[in-house]
Protein chains: 2
Amino acid sequence: MRIRMVISYDGTNYVGWQTQPNGITVQEEIEKALFKLTGEKTVLHGSGRTDSGVHARAQVAHFDTNSRIPADKFSFALNTHLPKDIRIMYSGEADSEFHSRFTAKRKTYCYTVQSGVHEDPFMRNTSLFIHSPLDFDAMQKEAQAVVGTHDFAAFRSTGTVNKTTVRTVFESYWTKKENLFVYTVCGDGFLYNMVRILAGTMIDVGMGRIEAGAVRRALESADRSDAGATAPSHGLMLKRVIYPDFDTEEVLGK
Amino acid sequence: MRIRMVISYDGTNYVGWQTQPNGITVQEEIEKALFKLTGEKTVLHGSGRTDSGVHARAQVAHFDTNSRIPADKFSFALNTHLPKDIRIMYSGEADSEFHSRFTAKRKTYCYTVQSGVHEDPFMRNTSLFIHSPLDFDAMQKEAQAVVGTHDFAAFRSTGTVNKTTVRTVFESYWTKKENLFVYTVCGDGFLYNMVRILAGTMIDVGMGRIEAGAVRRALESADRSDAGATAPSHGLMLKRVIYPDFDTEEVLGK
């Protein structure tokens, strides 16, 4: 039986999603919990990696099991074995063709910035604090330039290899509530560090560090040096993943 | 010179506000930072204690200093010496008659409850998770009974001593947004654990554990056993303190 799950995690205490030698990962914690529960050595497939410190409101992962635990009960059973900063918000049976990564159609990320005099301690792990004003309108204009199908070669960390650097972005906008600025971007896929470099470039424009039009210029030149800084990981959140037959928003009920 | 400050802290990692032998407190951290900054052994006076795990968006504290640091610069200078879960959000000069505790006129606390299927990991340190539905209207009716001047003897931890257990509550209500229930209470003072017992009693009514009218009955009997459970500390937040010449909401600008 193939099980798919929606997972929320506060990434602060993890070196990211994917199992690696130099620290505890979210994937590893859940695989350990699965082993305790089923006695099976299970490999969990996530919809994509999140880096050290990055959060997820809705990561999707699937695994195959011979366990007789009902599909919808895995969430409850696993949560009893998991630390409180990782919660399985949903579990259910999926078709054998479902694959968390390969059948994903759209993903949405959010990047949160706090602009103010002193940092709100309750937001310290989930937003980037900036001690200077941000020009919301200027950032919004940069965000609009992202929508569409573009070569995002300028917006990936140097040294990474992809078959193609062309991606389609369906939505890209900033919202503001009091002193919190949130960048939301929905696309068919993202290059390594793409959202953090997009957010970092727009924040640089919003602070007046680089000139307006930077996103468009970098999209045209495909040159990493035309884009701005890579924004720190702790402001980033994987918010939603959409499949042909599954949408994380539906099961999270928000 | 007397300095007053507004302090926000995530109480998760502290055994409360007030200095005590069995763990690190918020007061202690700030007094240490003051010593580093001024070289003076300074005693910080808070508007009131908060227990282990309780949070503050706006705790008020004052101290006297001979330092030549400008009053409004203490916040910036202290924050460089403080852990990120404690932030001085404001500092300024106060009259020598100002006293954080004795001149406070009103305080507002909030208690947050999350009702749902699985606990949101991002709210794990700042709300009580309840895996059962809550009857909002029933809780609201209980909250209304709190408003006014009453003997709150039933709503304090047994064994505590006060000159009088009569307090005046100006506001007492629940709000609901998605699956978050927030109880707000504003009064001229609170007995030890009063807000947590009020919240706990209303939650017990909201879950159907005790009968509607519990708050009124406990106010009339002044008997602790007529009230409900003491809600856990981590859902509680000191939100606002008001003085004749000072309101924390003004300086927090929200």
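Model, not experiment: these values are computed from the prediction.

Student: Quick one: what's the story with unusual backbone geometry, residue by residue and with numbers?
Tutor: Unusually for a residue other than glycine, Asn193(A) sits at a positive phi of about 70°. In this structure, Asn193(A) sits in the loop between strand S9 (180–187) and helix H4 (194–206).

Student: I'd love a proper account of the nonpolar core, names of residues and values included.
Tutor: Formed by 67 residues in total, the largest nonpolar core has its most connected members in Ile30(B), Phe155(B), Tyr183(B) and Ile203(B). Per-element accounting of this core gives the leading share, seven residues, to helix H4 (residues 194–206) of chain B.

Student: An account of the domain arrangement of chain A is requested, with residue identities and associated values reported.
Tutor: Residues and elements named next belong to chain A. With domains assigned, chain A is organised as domain 1 (2–103) and domain 2 (106–239). A separation of 27 Å is found between the C-alpha centroids of domain 1 and domain 2. Surface buried jointly by domain 1 and domain 2 totals about 1,100 Å² across both partners, of which 51% is contributed by carbon and sulfur atoms. Close ionic contact of Arg-196 with Asp-51 constitutes a salt bridge, the shortest N to O distance being 3.4 Å. The interface formed by domain 1 and domain 2 contains ten residue pairs in polar contact (both at pLDDT 80 or more). Taken together, the residues of the side of domain 1 that touches domain 2 sort by class into three nonpolar, seven polar and three charged.

Student: Account for the environment of Phe98(B), with residues named and values stated.
Tutor: Residues and elements named next belong to chain B. Structurally, Phe-98 can be placed in the loop between strand S4 (86–94) and strand S5 (106–115). Taking C-alpha positions, Phe-98 is 36 Å from Ala-229, a pair spaced 131 residues apart along the chain. When sequence neighbours within four positions are dropped, the list of residues in contact with Phe-98 reads Arg-2, Arg-4, Val-60, His-62, Thr-103, Tyr-243 and Asp-245.

Student: So what's going on with the relation of the copies chain B and chain A? Which residues, and what values?
Tutor: Placing chain B over chain A gives an RMSD of 0.0 Å and needs a rotation angle of 180°, together with 0.0 Å of translation along the axis. Such a turn and shift between the copies fits a two-fold axis. Closest approach to the rotation axis among the C-alpha atoms of chain B is made by Phe122(B), whose C-alpha sits 5.0 Å away. In this assembly the copies share their binding face: 100% of the residues contributing to the interface of chain B also contribute to that of chain A.

Student: Summarise H4(B); cite the residues concerned and give the values.
Tutor: Residues and elements named next belong to chain B. Under the 1.5 Å per step criterion, the end-to-end length of H4 is 18 Å for 13 residues, consistent within 8% with the ideal 18 Å. Counting buried positions along H4 yields 13 of 13 residues, so the element is predominantly enclosed. Phi turns positive one or two residues past the end of H4, at Gly-208, with a value near 80°.

Student: With reference to specific residues and values, describe the confidence of the model for chain A.
Tutor: Looking at chain A, the pLDDT average stands at 95 and 100% of residues meet or exceed 70. Listed scores for the predicted complex are pTM 0.94 and ipTM 0.94.

Student: For the pattern of salt bridges, give the residues involved together with the corresponding values.
Tutor: Under the definition given, this model contains 19 salt bridges over all chains. Among the salt bridges present, the one from Asp245(A) reaches Arg4(A), with a minimum N-O distance of 3.2 Å. Taken together, the residues span a long stretch of sequence, with Asp245(A) in the loop between strand S10 (236–243) and strand S11 (246–247) and Arg4(A) in strand S1 (residues 2–9) at a distance of 241 residues. Of the charged contacts in the structure, one is a salt bridge between Glu29(B) and Lys32(B), with a shortest N-O distance of 4.0 Å. Placement of both Glu29(B) and Lys32(B) in helix H1 (residues 26–38) is noted, with a separation of three residues, approximately one turn of the helix. By relative accessible area, which is 46% here, Lys32(B) ends up partly exposed.

Rules and cut-offs
- Residues numbered from 1 in each chain as written.
- Chains lettered and ligands numbered in written order.
- Predicted model: local features only at pLDDT ≥ 70, side-chain atom pairs only at ≥ 80, totals over all residues.
- Heavy atoms only, no water.
- Helix = DSSP H or I, 4+ residues; strand = E, 2+ residues; numbered from the N terminus.
- Core = buried A, V, L, I, M, F, W, Y, C linked by side-chain atoms within 4.5 Å.
- Buried < 20%, exposed > 50% of the residue type's maximum accessible area, 1.4 Å probe, protein only.
- Domains from an automatic or database assignment.
- Buried area = accessible area lost by both parts, 1.4 Å probe.
- Salt bridge = Lys/Arg side-chain N within 4 Å of Asp/Glu carboxyl O.
- Polar contact = N/O pair within 3.5 Å; in protein donor to acceptor, adjacent residues only side chain to side chain.
- Nonpolar A, V, L, I, M, F, W, Y, C, P; charged D, E, K, R; others polar.
- Contact = heavy atoms within 4.5 Å.
- Least-squares fit on C-alpha atoms with pLDDT ≥ 70 in both.
- Expected span 1.5 Å × (residues − 1).
- pLDDT = per-residue confidence, 0-100.

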